[in-house]
Amino acid sequence: MTTLLVENHAGLSHQMPPGHPEQIARLEAVFSALSDPAFDALTRAEAPLCTEDDLLLGHPADYVAAVKAAMPESGLKSLDPDTHASPGSWDAALKGVGGCLMAVDAVLSGAATNAFVATRPPGHHAEKTRAMGFCFFGNAAIAAKHALDRHGLSRVAVVDFDVHHGNGTQDILWDEGRTLFVSSHQMPLYPGSGSAGERGASNNILNLPLPPNSGGAEMRAAYERRAFPALRAFEPELIIISAGFDAHHDDPLANLVWTTEDFNWITRALLDLADELCGGRVVSTLEGGYDLTALATSVAGHVTELMERGA
């Protein structure tokens with residue numbers, strides 16, 4: 001039993017305008033950090049392309065067709081003021097979803113204890129019918145639906161600790177009573193959603209808004225007081241993590257002041273819960289993180305924690 005690292009090298013061909021924070025260098029920094037000999041024990045695989053049918057787990061067919069049609073043959077095309085496509089973006093997006101599905105398959109088959117998907121573009125802002133926030137398709141939400149509909153699970157939890165609210169994951173899973181979606185995030189901040197009153201059609205959404213300039217102590221208290229009891233009550237058979245590292249105090253896009261150890265703590269805590277509730281089955285996928293050094297060190301810490309459970 002090992003930790004599986006799924007790498008989306010097509011993400012290196014997904015281009016953004018100059019100066020855009022969701023840049024190719026993010027994935028390069030992650031790959032560089034995980035090339036250290038400390039990570040030699042990882043099982044590595046290249047993310048496969050998902051099919052368009054896979055995308056239908058989270059999005060209607062006309063939306064998938066519209067995104068595909070928007071992909072340029074050259075240059076860049078803007079889907080919204082923040083979300084841009086280049087000729088390499090379609091494969092990058094399909095491999096982002098495909099990598100998450102591969103990770104779910106490996107963990108649920110027992111081929112891996114847990115998995116991390118190193119990918120871009122991220123996915124948690126992509127709503128059912130709207131690309132936004134650098135995201136085209138709902139990577140984590142589609143992975144949850146895959147586990148439910150194709151592997152026959154009854155309950156899947158998605159936990160999102162990105163500094164921005166996972167509005168897309170929430171939108172896709174709003175009516176999905178077989179899921180519990182937990183999101184901690186700075187509020188106020190883009191995209192403006194994520195209040196504690198947003199509960200889902202089956203009381204299956206738990207938002208943990210955190211004020212600007214709050215740090216690890218406030219985050220830990222929120223998880224211990226609200227998220228962990230909710231996860232225990234839900235009893236998931238799989239935990240999917242939307243692992244954004246932009247709550248780091250060095251990140252330029254937000255104002256939470258977490259440390260690398262705070263990310264290590266939440267990773268360990270979720271792994272503890274997975275050991276208690278679902279045989280340690282965890283799939284984690286990269287979301288945000290825009291200071292390259294903070295991103296690299298935080299991902300390294302996150303994957304180290306996964307590896308310690310996968311040994």
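I will try to describe carefully the structure that is included in this document. (Residues numbered from 1 in each chain as written. Predicted model: local features only at pLDDT ≥ 70, side-chain atom pairs only at ≥ 80, totals over all residues. Heavy atoms only, no water.)

In this section: the pattern of salt bridges. According to the stated counting rule, one finds 17 salt bridges in the structure shown. Note that E22 is salt-bridged to R26, the shortest N-O span being 2.7 Å. This pair shows no difference in class: E22 is buried, exactly as R26 is. One salt bridge in this structure joins E176 and R178, with 2.8 Å as the shortest N-O distance. (Salt bridge = Lys/Arg side-chain N within 4 Å of Asp/Glu carboxyl O. Buried < 20%, exposed > 50% of the residue type's maximum accessible area, 1.4 Å probe, protein only.)

With that settled, consider the packing of helix α8 (residues 260-277) against helix α9 (residues 292-310). Contact geometry of α8 with α9 gives a least axis separation of 9 Å together with a crossing angle of 25°. Comparing their axes, α9 and α8 come out roughly parallel. Classified by chirality, the crossing of α9 by α8 is right-handed. On α9, the residues touching T260, F263, N264, T267, R268, L271, D272 and D275 of α8 are T297, S298, G301, H302, E305, L306 and R309. A class-by-class count of the residues in the contact of α8 with α9 yields 3 nonpolar, 7 polar and 5 charged. (Axes fitted to C-alpha atoms, helices over the stretch in contact; angles between N-to-C directions. Helix = DSSP H or I, 4+ residues; strand = E, 2+ residues; numbered from the N terminus. Parallel < 35°, antiparallel > 145°, perpendicular 65-115°, else oblique. Left-handed = near helix turned anticlockwise from the far one by under 90°. Contact = heavy atoms within 4.5 Å. Nonpolar A, V, L, I, M, F, W, Y, C, P; charged D, E, K, R; others polar.)

Turning next to the side chain of S284. Considering the arrangement of structural elements, one finds S284 in strand β10 (residues 282-286). On the accessibility criterion, S284 (0% relative accessible area) is buried.

Once that is clear, we can look at the sheet that holds strand β6 (residues 156-160). Here we have 8 strands laid out as an open sheet, ordered β2-β1-β5-β10-β9-β6-β7-β8, and parallel in their pairing. Of all the strands in the sheet, just β2 (43-46) and β8 (205-210) have a single pairing partner and so form its edges. Neighbour-to-neighbour, the strand axes of this sheet turn through a mean angle of 15°, independent of strand direction. Bridge count between strand β7 (residues 179-186) and β8: 6 bridges; the pairing is parallel. The partner of Q186 across the bridge, within β8, is L210. Along the sheet face, helix α1 (residues 24-33) touches β1 (3-7), β5 (114-118) and β10 and points at about 140° away from the line of β5. (Pairing = 2+ DSSP bridges.)

This part is about the nonpolar core. Among the nonpolar cores identified, the biggest contains 50 residues, and F116, F161, Y223, F228, I239 and V299 are the most heavily contacted of them. Counting residues per element, this core draws most heavily on α8, at 8 residues. When near neighbours in sequence (up to four residues on either side) are disregarded, I239 contacts A157, V159, L270, L273, A274, C278, R281, V282 and V283. Grouped together as the second largest cluster of nonpolar side chains are 29 residues, L4, A106, A141 and I205 included. (Core = buried A, V, L, I, M, F, W, Y, C linked by side-chain atoms within 4.5 Å.)

Attention now moves to the environment of I239. The topology assignment puts I239 in strand β9 (residues 238-243). Considering only alpha carbons, one finds I239 and L108, 131 residues apart in sequence, at a separation of 11 Å.

Attention now goes to the packing of helix α4 (residues 89-109) against helix α5 (residues 139-149). The description of two helices packed together rests on the angle between their axes and the distance between the axes. Where α4 meets α5, the axes come as close as 9 Å, and the angle between the chain directions of the two elements is 40°. By the angle class used here, α4 and α5 are oblique. Every pair of crossing elements has a handedness; the one defined by α4 and α5 is right-handed. Along the contact surface, α4 presents G96, V97, C100, L101, V104, D105 and L108, while α5 presents N139, I142, A143, H146 and A147. Partitioned by chemical class, the residues of the contact of α4 with α5 number 8 nonpolar, 3 polar and 1 charged.

Our focus in this paragraph is the packing of aromatic side chains. Taken as a whole and assessed by the stated rule, the structure comprises 9 aromatic pairs. Consider the rings of F161 and F245, whose centres lie 5.8 Å apart with planes at 70°: the pair is edge-to-face. Within this pair, whereas F161 is found in the loop between β6 and α6 (167-173), its partner F245 is found in the loop between β9 and α8, the two being separated by 84 residues in sequence. As far as burial versus exposure is concerned, F161 and F245 are alike and both buried. Geometrically, the ring pair formed by F228 and W265 is tilted, given 6.0 Å between the ring centres and 40° between the ring planes. Of this pair, F228 sits in helix α7 (residues 216-234) while W265 sits in helix α8, placing them 37 residues apart in sequence. (Phe/Tyr/Trp six-rings, centres within 6.5 Å; stacked < 30°, edge-to-face > 60°.)

So, on to the pairing of β5. The buried fraction of β5 is high, at 5 of 5 residues. Here β5 shows a buried face lined by N114, F116 and A118 and a second buried face lined by A115 and V117. With 5 bridges connecting them, β1 and β5 associate as parallel partners. Bridge assignment links L4 to a residue of β5, and that residue is A115. In terms of strand pairing, β5 meets β10 through 4 bridges, oriented parallel. Across the sheet, F116 pairs through a bridge with S284, a residue of β10.

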